[in-house]
Amino acid sequence: MDIESPVVFANVILPIPLPRLFTYRVPESLVTDIAPGQRAIVQFGARRFYSAIVHDIHSVKPEGYEVKEIISLLDDKPVVNSIQLKFWKWIADYYICSVGEVMKAALPSGLKLESETRVFFNADFETSEPLSDSEELILNLLSERNMLSVQDIAKIYKKRDLLKVIKKLVDAGALMIEESLRDRHRVKSETYVELLPHLCYETELKLLFDTLGKAPKQLQFLTRFVELSGIFTPSIAEVSRKLLISDIKGGSVVLKTLIKKNVFRTYEKNIAQAAPESSEHSLKPLSEAQQEALTQVKEQFVDKPVVLLHGYTASGKTELYIHLIDEQIKAGKQVLYLLPEIALTTQIINRLANAFGDKVGIYHSKFSDSDRVKVWKGLVDEQMQQRYQVILGVRSSVFLPFENLGLIIVDEEHENTYKQFDPAPRYHARDVAIVLAGMHGAKTLLGTATPSIETYFNSKSGKYGLVELFRRYSDVELPEISLANIEYARMRKQMKSHFHPILLESIKTALDQGEQVILFQNKRGFSPYFQCADCQAIPRCKNCDVSLTYHKNLNQLVCHYCGYSTSKIAHCSACGSTSMVMRGFGTEKIEDELSLFFPGRSVARMDLDTTRSRRAYEEMIADFESHDLDILVGTQMVTKGLDFDNVSLVGVLDADHLLNFPDFRAYERSFQLMSQVSGRAGRKNKRGKVIIQTTDPQNYVLQDVIKNDFQHLYQSQLADRQGFGYPPFTRLIQLTLKHKNQAVLDPAADYLASSLRKIFGKRVYGPEYPLVSRISNWYQKNIMIKIERQASVIRAKELITEAINDLHAYQQFQSVTIQPDVDPM
């Protein structure tokens, strides 16, 4: 008599915002193969298919509904390990979201397939092996229509192995998922320069040389091109932009001019995807101060799992990190090196690759999906040729499948860009990195010149270790910081547009000495808003409650929230007046005016508008490092950890905007931004100079910046926050309610606030409209809850979730979206 095999079930995680796991029956054919962490193809609802992550396996049949069967497995081995599953659960619980939302954020697109995924036919595909009937059918279907969603294919191909077949075709290169198609256009390439065809004749070129006789730079550039290309020799060579501009000061600007004159044009040429140099070099010796700090860090790690390294800008923190990484690699451990911005990886990767060769992997969203999957597999797959021990990345790197993590470094730990704002999970990478390290039994080093108040409080109260490094490398002096009173200058009509005469004179002096300048203005665009001079009306976005920003290069008024744009307004829509004037100034306007004040000088702008691609940013950094640019104007991108050896002057154009922002962290952030950008001046050979423009020179934050007195700022902020009940003395939870109908939103917010007050009393604040109360036609209101540090945050979140569920039980409020944000920034 045959004994029936026991029925096996699997709880799986689906990438959807529902707060539970889902149970599926494991078919007998998969019972011996299935394991937690593998991807399984499942059907959810009537027609949707997902690649789920197997969470656990059991034999308890769910009651009350018919259990569907797992269709197939996508992996032979788990792609997610047990620590990750535990980590995902912690994030979901702490940040009040579903584990499915964490999964969606954690996995690169190449590891996710679902019904909404769009699939494209690769016309360049050539098969080396015979295809199955199923593969032929799907490939023929896509070849006819070029693009279909998985759901569309499922209507025609009705077999249960659909996602498995698609995965096989994607792996073979026959099909591409949507992000992979975008990745095709991000193949690594190099820019080359060529003459326009009409100039490729000796007579025409001679005329051009004569024409450029009065423009020596352009003439020098053309001569260099002819030398490199050998244009009139039998062996003509292609000339790369990088090589051409490297020998000529201001070469990138000269090239742009000659392109406008129809002399040159550029073209792209694909090159092989290069890994960091595999050769490793010996580490640089540490200074006495660095060695002492390193010793203290290791001593603190004996008792403290987390240590704050508080060191001045240019004190050599990065070199200290490299020595710690070296120790971990020699012990066979893995290291995660977190940076707040993709931009910073450009300079840091060269230093890490120089020290550790191809043991270093890079992980961030500007890299192609295939590259991200390669890094993912390079941490878990022993068969992979490329195995990484060091990962350099931004906040999403915390989700990688580390198996032997020994150290996490969080550089510039104070940066608010470590916080994920949308979509869920709204996590803070610094905080979750500490939890992740704890799960691995690893250590965490937080590094910064300007600690966050919360981190410094934790270090002073003994929760974290504290090591101070207050000597700059090579004993370079801290920059000389002075304030320029723009109100005083305006009264005496000394201002030249938005520049104090002292700042303009200092820029001229620096440029005359062959030095470079960085100017910081934390607003992009040309002008923050237009205003009618007669009735004072301001053009606003039709979808958001915010003024439109003028962008001169587009000649458009643009909303920085939803992207809506309209042409420049000639007359006031309220009164019909043609007296429309620009108010304020952004980075684009500063760039424009500098070209008038300093003609012939090369100026570049670093903000979101000019650095949307990884390549654009890298080229700008390279141009500034090679001294092809004289002045760099930027938003807070220019404040973050960049190292330029020829910058002698930094200007902060509008300190008042930072100081007067309505947020309890405004003074802390102002100090951090101004101190960080000041650190870009005089980093190598000489003392730098910083000029801060303000109407309030007596403000104590500005005085603290001048004196580099973080202790005074910390004590002042601590007293204020204790008095008003802000972190680090409380935890904040913000609930943002959204709806397209204000008449639905208002009573819903009032009801939820009232319910919460019955539980939390005076700890509940609001509901209030935020500064921008409508975005993309969604009205929003905020409710803030302050929880004492000693109170149970877990229980508070449970009560908040119950109150939200109670609100959604009412039919009229079911369509109200509620976004919890724990520890909002």
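Remember, it's a predicted structure, so these values are computed and weren't measured experimentally.

The rules behind the values
- Residues numbered from 1 in each chain as written.
- Predicted model: local features only at pLDDT ≥ 70, side-chain atom pairs only at ≥ 80, totals over all residues.
- Heavy atoms only, no water.
- Helix = DSSP H or I, 4+ residues; strand = E, 2+ residues; numbered from the N terminus.
- Rg over C-alpha atoms; globule rule 2.2 N^0.38 Å.
- Buried < 20%, exposed > 50% of the residue type's maximum accessible area, 1.4 Å probe, protein only.
- Phe/Tyr/Trp six-rings, centres within 6.5 Å; stacked < 30°, edge-to-face > 60°.
- Lys NZ or Arg CZ within 6 Å of the ring centre and 35° of its normal.
- Polar contact = N/O pair within 3.5 Å; in protein donor to acceptor, adjacent residues only side chain to side chain.
- Contact = heavy atoms within 4.5 Å.
- pLDDT = per-residue confidence, 0-100.
- Salt bridge = Lys/Arg side-chain N within 4 Å of Asp/Glu carboxyl O.
- Pairing = 2+ DSSP bridges.
- Core = buried A, V, L, I, M, F, W, Y, C linked by side-chain atoms within 4.5 Å.
- Expected span 1.5 Å × (residues − 1).
- Axes fitted to C-alpha atoms, helices over the stretch in contact; angles between N-to-C directions.
- Parallel < 35°, antiparallel > 145°, perpendicular 65-115°, else oblique.
- Left-handed = near helix turned anticlockwise from the far one by under 90°.
- Nonpolar A, V, L, I, M, F, W, Y, C, P; charged D, E, K, R; others polar.

Participant: Would you take a moment to explain the overall build of the chain for this structure?
Facilitator: For the chain, the helix and strand inventory stands at 26 helices and 34 strands. Against the 2.2 N^0.38 benchmark of 28 Å for 825 residues, the chain shows a C-alpha radius of gyration of 29 Å, consistent with a compact globule. Taken over the C-alpha atoms alone, the chain extends approximately 100 × 75 × 70 Å along its principal axes. When each of the 825 residues of the chain is scored for burial, the buried share is 53%.

Participant: Please explain the packing of aromatic side chains as it appears in this structure.
Facilitator: The description of two aromatic rings rests on the distance between their centres and on the angle between their planes. All told, the structure shown has 24 aromatic pairs when counted by the stated rule. With centroids separated by 5.3 Å and ring planes inclined at 80°, the aromatic side chains of Phe22 and Phe44 adopt a geometry described as edge-to-face. Of this pair, Phe22 sits in strand E2 (residues 22-26) while Phe44 sits in strand E3 (residues 39-44), and the two are 22 residues apart along the sequence. Taken together, the ring pairs in this structure connect Tyr456, Phe671, Phe710 and Tyr714 into an aromatic cluster. When the ring centre of Tyr726 is taken as origin, the NZ or CZ atom of Lys786, which lies over that ring, is 3.9 Å away. One cation-aromatic arrangement involves Lys786 over Tyr765; the distance from NZ or CZ to the ring centre is 4.7 Å.

Participant: Looking at this structure, how should I read the side chain of Gln676?
Facilitator: Mapped onto the secondary structure, Gln676 falls in helix H22 (residues 666-678). At 3.1 Å, the side chain of Gln676 and the side chain of Thr450 are in polar contact. Ignoring sequence-local partners within four residues, the contact set of Gln676 consists of Thr313, Glu412, His414, Thr448, Ala449, Thr450 and Thr639.

Participant: Got a minute to help me understand unusual backbone geometry in this structure?
Facilitator: Backbone geometry follows two general trends: most residues other than glycine have a negative phi, and most peptide bonds adopt the trans configuration. Cis geometry marks the peptide bond from Ala424 to Pro425, where omega comes out at 5°. Relative to the assigned elements, Pro425 resides in the loop between strand E16 (405-411) and helix H15 (429-440). A cis amide bond links Gly766 with the next residue in sequence, Pro767, at an omega value of 10°. Phi angles above zero are rare outside glycine, and Glu412 is one such case at about 50°. Along the polypeptide, Glu412 turns up in the loop between E16 and H15.

Participant: How should I be thinking about the confidence of the model for the chain in this particular structure?
Facilitator: In regions of low pLDDT, the predicted coordinates are not meant to be interpreted in detail. Mean pLDDT over the chain stands at 86; residues scoring 70 or higher make up 91%. Across the chain, element-level confidence peaks in H15 with a mean pLDDT of 98 and bottoms out in helix H6 (residues 178-184) with 39. Ignoring residues within four places in sequence, the model shows residues 179-188, a span with pLDDT below 50, making 20 contacts including any to other chains. When the criterion is pLDDT under 50, residues 270-278 qualifies, and its contacts beyond four places in sequence or with other chains add up to 19 contacts.

Participant: Help me out: how do you make sense of the pattern of salt bridges in this one?
Facilitator: Two side chains of opposite charge can pair, provided their charged atoms sit close to one another. By the definition in use, this model includes 26 salt bridges. Salt-bridge contacts for Arg721 lead to Glu668; the nearest nitrogen and oxygen are separated by 2.6 Å. Of this pair, Arg721 sits in helix H24 (residues 710-724) while Glu668 sits in helix H22, and the two are 53 residues apart along the sequence. Among the ionic contacts, a cluster of salt bridges with common partners joins Glu454, Arg665, Glu668 and Arg721.

Participant: Is there a simple way to think about helix H5 (residues 162-172) in this case?
Facilitator: Within an α-helix, residues lying three or four positions from one another point in the same direction, as the helix has 3.6 residues per turn. When we look at burial in H5, the residues that qualify are Leu162, Leu163, Val165, Ile166, Lys167 and Leu169. Immediately downstream of H5, the backbone of Gly173 shows phi near 90°, a positive value.

Participant: Which parts of the structure should I look at to understand the sheet that holds strand E5 (residues 72-73)?
Facilitator: If you trace the 5 strands from one edge of the open sheet to the other, you get E2-E1-E4-E3-E5, paired in antiparallel fashion. The open sheet terminates on both sides in strands that have one partner only, identified here as E2 and E5.

Participant: Help me out: how do you make sense of the nonpolar core in this one?
Facilitator: As a rule of thumb, soluble globular proteins bury nonpolar side chains together. Counting 112 residues, the largest nonpolar core has Trp88, Val398, Leu735, Leu737, Leu752 and Leu756 as the members making the most contacts within it. If one sorts the elements of this core by residue count, helix H25 (residues 742-760) sits on top with 8 residues. Excluding its chain neighbours within four sequence positions, the residues that come into contact with Leu735 are Leu752, Leu756, Lys781, Asn782, Ile783, Ile785, Ile800, Ile804, Ile818, Gln819 and Pro820. Counting 32 residues, the second largest nonpolar core, distinct from the first, contains Ala289, Tyr321, Ile329 and Leu339.

Participant: Would you mind going over helix H3 (residues 133-145) with me for this structure?
Facilitator: In a regular helix each residue adds 1.5 Å, so 13 residues correspond to 18 Å; H3 covers 19 Å between its end C-alpha atoms and thus fits that length. Asn146, located one to two residues past H3, shows a positive phi value of around 70°.

Participant: Help me understand the packing of H22 against H24 in this model?
Facilitator: Geometry of a packed helix pair, given as the angle between the helix axes and the separation of the axes. In the contact formed by H22 and H24, the axes pass within 10 Å of each other and the chain directions differ by 165°. Considering the angle they form, H22 stands roughly antiparallel to H24. The two elements H22 and H24 cross, and the hand of that crossing is left-handed. Counted together, Tyr667, Glu668 and Phe671 of H22 and Phe710, Leu713, Gln717 and Arg721 of H24 form the full contact between these two elements. A per-class count over the contact of H22 with H24 returns 4 nonpolar, 1 polar and 2 charged.

Participant: Explain the sheet that holds strand E29 (residues 689-694) here, please?
Facilitator: Sheet strands associate in pairs through backbone hydrogen bonding, adopting either a parallel or an antiparallel arrangement. Taken in spatial order, the 6 strands line up as E19-E29-E28-E20-E27-E26 in an open sheet, and their pairing is parallel. Lying at the two open borders of the sheet, with one neighbouring strand each, are strand E19 (480-485) and strand E26 (603-606). Between one strand axis and the next, the sheet turns through 20° on average, direction left out of account. Inspection of the sheet shows E19 paired to E29 by 6 bridges, in the parallel sense. Among the inter-strand pairings, Glu480 is bridged to a residue of E29, identified as Lys689.

Participant: Could you clarify how one ought to interpret the packing of helix H11 (residues 288-303) against helix H12 (residues 317-330) in this entry?
Facilitator: Between H11 and H12, the shortest axis-to-axis distance is 10 Å and the interhelical angle comes to 45°. If you check the angle between H11 and H12, you find them oblique. Crossing geometry of H11 relative to H12 is assigned as right-handed. Taking contact as the criterion, the partners of Gln290, Ala293, Leu294, Val297 and Lys298 in H11 are, on H12, Glu319, Leu320, His323, Leu324 and Glu327. Broken down by class, the residue content of the contact of H11 with H12 amounts to 5 nonpolar, 2 polar and 3 charged.

Participant: What am I meant to see in the environment of Met491 here?
Facilitator: With respect to the helices, strands and loops of the structure, Met491 is situated in helix H17 (residues 486-491). For the pair formed by Met491 and Leu735, sequence separation is 244 residues and the distance between their alpha carbons is 45 Å.

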